[in-house]
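In case you want the letters, here they are:
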Amino acid sequence: PHVVRKAVFPAAGLGTRILPATVVVPKELLPIVDKPIIQFGVEEAAASGLTQVILVNSPDKTMLEKHFDRHSLLEDVLERRGKAALLDGWRELVESIELSTVYQADPLGLGHAVLVSRELVDDEPFAVVLSDDIIDADPPALRKMLDLYKEVDGPVLLVERVPPDAVSRYGIIAADAIGDGVHRVTDLVEKPPRDEAPSDLAIIGRYVLTPDVFPILAATGQGSGGEIQLTDGLRRLLEQRPIHAVELNGTRQDAGNKLGYLKAILYFAMKHPELAEAMPQLLAGGGTPR
Ligand code: G1P
């Protein structure tokens, strides 16, 4: 199998579930305590050995790619004030990845977003990261997926068991378990009604894909919600080659809606070195210690 270097980040969505916060600020830049949503996904990609980030952005949201540029004015001022450490982590991350952007003017669906990255991905296997799904796992979920990709030399999806009333919000797989949390996919369906779901295994926002998915996506019509669905493309790909899935061993926050966003903030605040101590009292309703 080829080495996977590239990660596609679909990010052309309008963030309608968190309006009006997202009128000007891209949803992906909303902070989880002190780190924007998208940085978690880019950190996961980098920690998994990926070096090329391909942003599929809206021409209206160019502030997003600027988060991964160097900013000499800010950096120089912090340096002079002895506060350069405030950018620790961010600086190393920005140095370790190469970012390119392609614009998706019409958000026609996730399958379309991936198709838009075709020229930048070229003839290589690649990862897809839906940055709304913030995943906390050790080892990183993507790294586990890339390890499996090396073994099976084919597409790998990340899945998580979800309650029955949630299946209609996800792509759901039918699958045969073949090992510890590893499945061989036998079918996929996007957002099935509760009583038609083939299992409780939901696809969550990480994929390792092969470039033979592109011609299929180019020929995929509208599916669920009138959108060109990646799940529908993968269903066709499954007729050509095996697809595997690995179950998440960690936590996932869906930061793309109000409640999930709030939960993500609380989750990472509880792990934050400056806030962890204050959080139990805050959550118990006792206010913050002085
Ligand atoms: C997308 C995919 C869906 C997947 C989900 C994971 O849906 O189409 O298959 O389960 O991401 O977050 P969306 O959440 O964009 O509607």
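The model shown is predicted, which means the values in this text are computed figures rather than measured ones.

J.: Can you tell me about the overall build of the protein, naming the residues and giving the values?
T.: Broken down by element type, the protein carries 11 helices and 13 strands. For 290 residues, the compact-globule estimate of 2.2 N^0.38 gives 19 Å, and the protein sits close to it at 19 Å. Structurally, the protein occupies a C-alpha span of about 60 × 45 × 35 Å along its principal axes. Looking at the protein as a whole, 48% of its 290 residues are labelled buried. For the protein, the proportion of contacts with a sequence separation of at least 24, taken over those separated by at least 6, is 74%. Here the protein displays about 14,300 Å² of accessible surface, and carbon together with sulfur accounts for 51% of that area. Counting 30 positive and 43 negative side-chain charges, the protein places the averaged centre of each group 4 Å from the other.

J.: Could you give an account of unusual backbone geometry, naming the residues involved and the relevant values?
T.: Along the chain, L19 connects to P20 via a cis peptide bond; the corresponding omega equals 0°. On the secondary structure map, P20 appears in the loop between β1 (6–11) and β2 (31–32). Residue P139 follows D138 across a cis peptide bond; omega there is 0°. In this structure, V33 takes a positive phi of about 60° despite not being glycine. Residue classification places V33 among the partly exposed positions, given a relative accessible area of 29%. Backbone geometry at D122 places phi at a positive 65°, although glycine is not the residue there.

J.: Give me empty space enclosed by the protein: which residues, what numbers.
T.: All told, the structure shown has one cavity of 30 Å³ or more when counted by the stated rule. Of the pockets and cavities examined, the largest cavity occupies roughly 30 Å³. Together, A137, P139, A141, K144, L158, V246, E247, L248 and N249 line the largest cavity. In the lining of the largest cavity, the residues fall into six nonpolar, one polar and two charged.

J.: Lay out the layout of surface pockets with the relevant residues and their values.
T.: A volume near 1,300 Å³ is recorded for the largest pocket. Elements that contribute at least two residues to the lining of the largest pocket include exactly β1, α5 (110–116), β11 (201–209), α9 (230–237), β13 (251–254) and α10 (258–270). In terms of residues, the lining of the largest pocket owes the most to one element, β11, which gives four residues. Residue composition of the lining of the largest pocket, grouped by class: 18 nonpolar, 13 polar and 12 charged.

J.: Just give me the short version of a nonpolar patch on the surface, but keep the residues and values in it.
T.: Residues L19, V23, V24 and M63 make up a contiguous nonpolar surface patch of roughly 380 Å² in combined accessible area. Along the polypeptide, V23 turns up in the loop between β1 and β2.

J.: Would you mind going over the packing of aromatic side chains in detail, with residue names and values included?
T.: Inspection of the entire model under this criterion finds three aromatic pairs. Ring plane angle 45° and centroid distance 4.7 Å describe the contact between F40 and F268, whose orientation is recorded as tilted. Here F268 lies in helix α10 and F40 lies in helix α1 (residues 37–47), a separation of 228 residues in the sequence. A single burial state applies to F40 and to F268, both of which are buried. Here the aromatic rings of F126 and F214 are separated by 5.1 Å at their centres, their planes lie at 5°, and the arrangement is stacked. Taken together, the residues span a long stretch of sequence, with F126 in strand β6 (residues 126–129) and F214 in helix α8 (residues 213–218) at a distance of 88 residues. Note on F126: relative accessible area 0%, which makes it buried. What links up through ring pairs into an aromatic cluster is the set F40, Y267 and F268. Note that K35 overlies the ring of F40, its terminal NZ or CZ placed 4.7 Å from the centroid.

J.: So what's going on with the pattern of salt bridges? Residues and values would help.
T.: One pass over the full model with this rule turns up 18 salt bridges. Note that K27 is salt-bridged to D132, the shortest N-O span being 3.0 Å. Note that K27 is positioned in the loop between β1 and β2 and D132 in the loop between β6 and β7 (133–136), a separation of 105 residues in sequence. Classification of D132 by relative accessible area gives buried; the value is 14%. Its salt-bridge partner being E43, residue K35 comes within 2.9 Å of it at the nearest N-O pair. Through salt bridges with shared partners, a single ionic network connects R5, K6 and E124.

J.: Account for the site of the ligand, naming residues and giving values.
T.: By nearness alone, every residue bordering the ligand is listed as L110, L130, D133, Y170, G171, E190, K191, I203, I204, Y207, Q229 and T231. In the environment of the ligand, an oxygen atom lies 2.6 Å from a nitrogen or oxygen atom belonging to the backbone of I203. A distance of 3.3 Å separates an oxygen atom of the ligand from a polar atom in the side chain of T231. In isolation the ligand has 380 Å² of accessible area, and contact with the protein removes 75% of it. Its atoms largely coinciding with the cavity grid, the ligand occupies the largest pocket. Looking at the shell around the ligand element by element, the count peaks at three residues for β11. For the shell around the ligand, a count of residues per class yields six nonpolar, three polar and three charged.

Conventions used here
- Residues numbered from 1 in each chain as written.
- Predicted model: local features only at pLDDT ≥ 70, side-chain atom pairs only at ≥ 80, totals over all residues.
- Heavy atoms only, no water.
- Helix = DSSP H or I, 4+ residues; strand = E, 2+ residues; numbered from the N terminus.
- Rg over C-alpha atoms; globule rule 2.2 N^0.38 Å.
- Buried < 20%, exposed > 50% of the residue type's maximum accessible area, 1.4 Å probe, protein only.
- Contact = heavy atoms within 4.5 Å.
- Areas by Shrake-Rupley, 256 points an atom, 1.4 Å probe, with all protein chains shown as cover.
- Lys, Arg positive; Asp, Glu negative; His and termini not counted.
- Charge placed at Lys NZ, Arg CZ, Asp CG, Glu CD.
- 1 Å grid on protein atoms, 1.4 Å probe; cavity = no way out; pocket = protein on both sides within 12 Å on 5 of 7 lines; lining within 4 Å.
- Points joined across faces, edges and corners; volume = space filled by probe spheres on them.
- Nonpolar A, V, L, I, M, F, W, Y, C, P; charged D, E, K, R; others polar.
- Patch = residues over 30% accessible without salt bridge, like charges linked within 9 Å, V, L, I, M, F, W, Y side chains within 5 Å.
- Salt bridge = Lys/Arg side-chain N within 4 Å of Asp/Glu carboxyl O.
- Phe/Tyr/Trp six-rings, centres within 6.5 Å; stacked < 30°, edge-to-face > 60°.
- Lys NZ or Arg CZ within 6 Å of the ring centre and 35° of its normal.
- Near = heavy atom within 4 Å.
- Polar contact = N/O pair within 3.5 Å; in protein donor to acceptor, adjacent residues only side chain to side chain.
- Sits in = over half its atoms within 2 Å of the grid points.

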